[in-house]
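Report on the structure
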Amino acid sequence: MVKMYYENEAKLDILKGKTIAVIGYGSQGHSQAQNLRDSGLKVIIGLRQGKSWEVAEADGFEVYSVGEATQKADFIQILLPDERQGKVYAEEIAPYLTEGKTLSFSHGFNIHFGQIVAPKNVDVMLVAPKGPGHLVRRVYVEGGGVPGLFAIQQDATGNAREIALAYANGIGAARSGVLETSFREETETDLFGEQAVLCGGASELVKAGFETLVEAGYQPEIAYFECLHELKLIVDLMYEGGLSRMRYSISDTAQYGDFMIGRRIITDETRKEMKKVLKEIQDGEFARNWILENQANRPVFNAIARQEEEHQIEKVGAELRGMMSWLNKK
Ligand SMILES: NC(=O)C1=CN([C@@H]2O[C@H](COP(=O)(O)OP(=O)(O)OC[C@H]3O[C@@H](n4cnc5c(N)ncnc54)[C@H](OP(=O)(O)O)[C@@H]3O)[C@@H](O)[C@H]2O)C=CC1
Ligand SMILES: CC(=O)[C@](C)(O)C(=O)O
């Protein structure tokens, strides 16, 4: 039976009186910082001058340059874009990462693929909520917690595990439970999931369904409702109680279609391609491509992003969401 850690085994005490520097104030940074503060911990923010700096100050945080924040902190949580962490670490964090500090992440990419190599006299860990940043905050405020993972790469102080669990408590993850993993496992599974299932896989599935219906002459609005809007509702049921909960709730007609047609859409070829994608992650091919893409200023990324923004489903969806006021609640 897998071991989940909860608040009673993830006491905040070891972080009480310590200074936590959250480096970055975006999707994860703003939510983790606010949750930590609401958990009674001392949090400062490390940023560059710009929009996030203004937002973090407006949210009541002491904001410093990355270097200053690192100097002042006992625990440094790097929540910068993955592709920028290596350079910022080398130039603004490493010079001030002195003995006994904790270096932490919410994704293992830069440690696992060797973009960041920490000194031997600091703790190195990851504490990763398994969910989008804005939900990490929303669920915490509602009294819950997005569950998470933690991994210890280096335990220089002998307290790394206790510190990681305390941090997981501080961001609310221990309210639902945290699982122990490794940097390799978190990095490879997270990259695979977001590429082949959650973001990449789901976006292409939704667009393919939408395009099939629209090209057959059905109203784009109907296609949007069927292929995107309702997907969230179906996935909510899976989230609540697994595939069986979803199948319990849908009609037998839908369930027969599920059983008979689903495996014609996701075929053995699909599974073969998934295995290929995973191998490209494990071999570092994806990491190398992503690092080089950023060094070249994202020519492929930007071209596809422009195409995606222009997709008909985006226009149709925006119009319909604007017409459904209940959806506009933040
Ligand atoms: N998004 C998510 O839900 C999840 C993300 N993660 C991980 O969390 C980490 C952060 O991702 P995410 O929150 O999405 O990142 P975002 O892109 O949302 O936020 C990045 C933040 O870093 C700041 N920043 C960017 N460049 C610099 C710089 N050179 N110096 C100082 N600050 C800078 C940005 O500020 P500015 O306004 O100046 O650009 C912004 O505040 C990543 O490792 C990611 O893999 C893990 C789980 C889920
Ligand atoms: C939300 C999440 O965990 C992702 C999709 O892996 C990410 O945004 O990095």
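For the structure itself, look to the data block above.
First, a word on scope: everything that follows refers to the structure included in this document. Remember, predicted model here, so these are calculated numbers, not experimental data.

For the coordinates displayed, the defined rule picks out 0 disulfides. With no disulfide partner, Cys 199 has as its closest neighbouring cysteine sulfur the one in Cys 227, 18 Å distant.

Let's shift gears to a nonpolar patch on the surface. A cluster of nonpolar side chains, Leu 205, Tyr 256, Phe 259, Met 260, Ile 261, Ile 265 and Ile 266, forms an exposed patch at the surface whose accessible area comes to about 670 Å². Considering every element that reaches the nonpolar patch, the biggest residue donor is helix 12 (residues 252-265), with 5 residues. Mapped onto the elements of the fold, Tyr 256 is located in helix 12. With a relative accessible area of 55%, Tyr 256 lands in the exposed category.

To continue, consider the packing of helix 9 (residues 183-198) against helix 10 (residues 200-215). The geometry of helix 9 relative to helix 10 is characterised by a closest axis approach of 3 Å and an angle of 5 degrees between their N-to-C directions. The orientation of helix 9 with respect to helix 10, classified from their angle, is roughly parallel. In contact with Glu 194, Gln 195, Ala 196, Val 197 and Leu 198 of helix 9, helix 10 contributes Gly 200, Gly 201 and Ala 202. Each residue belonging to the contact of helix 9 with helix 10 can be placed in one class, and the counts come to 4 nonpolar, 3 polar and 1 charged.

Analysis parameters
- Residues numbered from 1 in each chain as written.
- Chains lettered and ligands numbered in written order.
- Predicted model: local features only at pLDDT ≥ 70, side-chain atom pairs only at ≥ 80, totals over all residues.
- Heavy atoms only, no water.
- Disulfide = S-S within 2.5 Å.
- Patch = residues over 30% accessible without salt bridge, like charges linked within 9 Å, V, L, I, M, F, W, Y side chains within 5 Å.
- Areas by Shrake-Rupley, 256 points an atom, 1.4 Å probe, with all protein chains shown as cover.
- Salt bridge = Lys/Arg side-chain N within 4 Å of Asp/Glu carboxyl O.
- Helix = DSSP H or I, 4+ residues; strand = E, 2+ residues; numbered from the N terminus.
- Buried < 20%, exposed > 50% of the residue type's maximum accessible area, 1.4 Å probe, protein only.
- Axes fitted to C-alpha atoms, helices over the stretch in contact; angles between N-to-C directions.
- Parallel < 35°, antiparallel > 145°, perpendicular 65-115°, else oblique.
- Contact = heavy atoms within 4.5 Å.
- Nonpolar A, V, L, I, M, F, W, Y, C, P; charged D, E, K, R; others polar.

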